[in-house]
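Inside the fold
This is what each chain is made of:
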Amino acid sequence: MQHRSFGLAALTTEMVKSGDRILDLGPLSSGTTQAFLGLNCQCHIEDLVEYLTENQSCSDPLAALEAHLLPKPANLKFDVILCWDLLNFLDLEVIEHLIQLLKPHLKQGTILHTMRYTGRNQPEKPRRFRLLEDFCFEYVDDPEYPEVPSKGHSTVTLLKCMDRFSLFNSLMKREGMDQNVTEHFLEYDSVTSRNQVRSGGASDVSAYFNTVKDDERLEFAGIEKALAALPAASTVLDCGRKNGRNIDALKKKVGALYVEDLHASLAWRKKTHGEGTGFSESMFSFDKGARLDGAFLWDLLNYCSLEQVQALGDLLAERMNTGATLHFLVYKSAQQPERPSMFEVLEDGRVAVTGVSTKRCARNLGSTADLMRLLPNYRLYSHHLGRLPTGESFQEFVLQLKG
């Protein structure tokens, strides 16, 4: 079986710089160390597979971990820690102790990369990763690896025992990835606002394996005008579907970019609070003090009730500067795709549209006049017509917040 690691690709192509110090908690055999050495990085190996092999029946696993780790210079601070899939096979108390032992060598901004198994059939032992090419790894069943069943730790449980690490990003279900693997980036003593995309980060950003087809790259006149209207060093919110999107190009066109998958948040609130649940302030997890110069809703409003459209417009208006732009699409026909599509701003200003559902549902929104009545804080700035790769017709709106 194979797994294409978008996380490791992003590390080597975007995040790691010459001279960085890498701690690899896996065995040297993966082949990834060579990629970091090629970037003039300083690499340190702590083979925790060997620790698991030698200490399965150990009466004091914490003391054994201390004995296993190599002594390090007091002034050594790591920029990146590679955990592979090993945290799946360590008890929580061992993980907590590991972080405490490494604490003297962590600094603000240290990035930890790990792979978490999410499927029903959890592996019965760690996997040996063998690098093929383009950060595609082959899983090799190594008979010498210890039989240690996966513990099935959740992301929340892991974070609780990892001291001052916080979730920086997650990558999952992209083309070539094992569908039962989620890659996490954790950051130590993070000062980055939650859901803010950082330059050189891997928050759905890596274009390393870009597979967008030519007919999926469309020109959106409204996007062009919305971007042109932004002030220098603008603050922008993208509310599109997060899974599998590339937002690196959009990040380069604005000052600060925040990402909120509001459709997923709305679906979760509906599941937990019942039908009729709307938007609320708690659904925005970026800084309250951040003032938006623009927001991209893409096709989100098509999947909202009229009450939800009005509530979202009011909530965004409270967070926006006067003159800020609001961009969204409205489907024209009586039927629309069953779920939101994925929209990616590309380097050349075009927009990649992928994941368009072939199933249809009834259209919710009424006329343009009805829509504008639901958004009384905004005036029409630009209006255009377009068509998706599937032939779906839509109206493209850019509104501007009134003074």
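The following paragraphs examine the structure supplied in this document. Predicted model only: the values in this text are computed from it and were never measured. (Residues numbered from 1 in each chain as written. Predicted model: local features only at pLDDT ≥ 70, side-chain atom pairs only at ≥ 80, totals over all residues. Heavy atoms only, no water.)

**Looking at the sheet that holds strand β9 (residues 181–188)**
We count it as follows: At least two bridges found by DSSP between two strands is the condition for calling them paired. Where helices and strands are cited, they refer to DSSP runs of H or I of at least four residues and of E of at least two residues respectively, numbered from the N terminus. Axis lines are fitted through C-alpha atoms, for helices just across the contact stretch, and the angle between N-to-C directions can take any value from 0 to 180 degrees.
As summarised here, the arrangement of the six strands in space is β3-β2-β4-β5-β9-β8, forming an open sheet in which the pairing is mixed. Each edge of the open sheet carries a strand with a single partner, namely β3 (42–45) and β8 (165–172). Strand after strand, the sheet turns through a mean of 25° between neighbouring axes, direction not considered. Pairing between β8 and β9: seven bridges, direction antiparallel. By the bridge assignment for β9, Phe165 is matched with Tyr188.

**Some points on the pattern of salt bridges**
Formally: Throughout this description, the term salt bridge denotes a Lys or Arg side-chain nitrogen within 4 Å of a carboxyl oxygen of Asp or Glu. Remark: exposure states derive from per-residue accessible area (1.4 Å probe, protein chains only) relative to the maximum for the residue type, with buried under 20%, exposed over 50%, and partly exposed in between.
Summed over all chains, the structure comprises 13 salt bridges. One salt bridge connects Asp189 with Arg164, and the closest N-O pair in it is separated by 2.7 Å. With Asp189 in the loop between β9 and β10 (196–197) and Arg164 in the loop between α6 (155–160) and β8, this residue pair connects regions lying 25 residues apart in the sequence. Two residues, Arg217 and Asp214, come together in a salt bridge whose shortest N-O distance is 3.9 Å. Using a relative accessible area of 22% as the deciding quantity, one classes Arg217 as partly exposed. A residue is classified by how much of its surface remains accessible, and Asp214, at 66% relative accessible area, is exposed.

**Quick notes on the packing of aromatic side chains**
Rules: Think of it this way: a Phe, Tyr or Trp ring, Trp meaning its six-membered ring, pairs with another when their centres are within 6.5 Å, and the plane angle makes it stacked under 30 degrees, edge-to-face over 60, tilted otherwise.
Under the defined criterion, the tally for this structure stands at eight aromatic pairs. For the ring pair Phe296 and Trp298, a centre distance of 5.8 Å and an interplane angle of 20° mean the geometry is stacked. When sorted by exposure, Phe296 lands in the same class as Trp298, which is buried. Plain terms: the ring middles of Trp298 and Phe343 are 5.1 Å apart, the flat faces sit at 5° to each other, and that makes the pair stacked. Of this pair, Trp298 sits in strand β14 (residues 292–298) while Phe343 sits in strand β17 (residues 342–345), and the two are 45 residues apart along the sequence. Put simply, the rings of Phe220, Phe296, Trp298, Phe343 and Phe394 pair up and form one aromatic cluster.

**What to know about the nonpolar core**
Cut-off, in case you're wondering: In these notes, a set of buried Ala, Val, Leu, Ile, Met, Phe, Trp, Tyr and Cys residues joined through side-chain atoms within 4.5 Å is what counts as a nonpolar core. Whether two residues are in contact is decided by their heavy atoms: any pair within 4.5 Å suffices.
Of all hydrophobic cores here, the largest spans 54 residues; its most connected members are Leu11, Leu48, Ile81, Leu112 and Met162. Ranked by residues supplied to this core, first place goes to helix α5 (residues 92–102) with five residues. Setting aside its immediate chain neighbours within four residues, Ile81 contacts Leu23, Leu25, Leu102, Leu106, Thr110, Ile111, Leu112 and His113. Counting 35 residues, the second largest nonpolar core, distinct from the first, contains Leu300, Leu312, Leu326 and Tyr378.

**Some words on helix α7 (residues 221–228)**
Selection criterion: This arc describes the spread of directions from the helix axis toward the C-beta atoms.
Buried within α7 we find Gly222, Ile223, Ala226 and Leu227. End-on view of α7: buried residues confined to an arc of 130°, all on one side of the axis. Facing away from the buried side of α7, by more than 90 degrees, are the exposed residues Glu224 and Ala228. If you follow the buried residues of α7, they end up packed against α8 (248–253), β14, β15 (320–331), β18 (351–354), β20 (378–387) and β21 (393–401).

**Some details on the packing of helix α4 (residues 61–68) against α5**
Threshold: By the definition used in this description, the sense in which the near helix is turned from the far one sets the handedness, with an anticlockwise turn below a right angle giving left-handed and a clockwise turn giving right-handed.
Running from amino to carboxyl end, α4 crosses α5 at an angle of 35°, the nearest separation of the two axes being 10 Å. Read as a crossing pair, α4 and α5 show a hand that is right-handed. Each of Pro61, Leu62, Leu65 and Glu66 in α4 lies in contact with α5, whose residues at this interface are Glu93, Val94, His97, Leu98 and Leu101.

**Topic: the side chain of Asp178**
The condition that has to hold: Two N or O atoms form a polar contact when they lie within 3.5 Å of each other; inside protein one atom must be a possible hydrogen donor and the other a possible acceptor, and for residues adjacent in sequence the pair counts only when both atoms belong to side chains.
If you trace the backbone, Asp178 turns up in the loop between β8 and β9. Within polar-contact distance, the side chain of Asp178 engages the side chain of Arg127 at 3.4 Å. In this structure, Asp178 is in contact with Met1, Gln2, His3, Arg127 and Tyr139, ignoring residues within four places of it in sequence.

**Quick look at unusual backbone geometry**
Negative phi characterises most residues that are not glycine, and trans characterises most peptide bonds. Notably, Asp163 is not glycine yet its phi reads approximately 50°, a positive angle. Here Asp163 lies in the loop between α6 and β8. A residue is classified by how much of its surface remains accessible, and Asp163, at 32% relative accessible area, is partly exposed.

**Some points on the sheet that holds β17**
Taking strand neighbours across the sheet as the criterion, the three strands line up as β11-β18-β17 in an open arrangement whose pairing is antiparallel. Of all strands in the sheet, those with a lone pairing partner are β11 (217–218) and β17, marking the two edges. Here β17 runs beside β18; their pairing, made up of four bridges, is antiparallel. Counterpart to Met342 in the pairing with β18 is Thr354.

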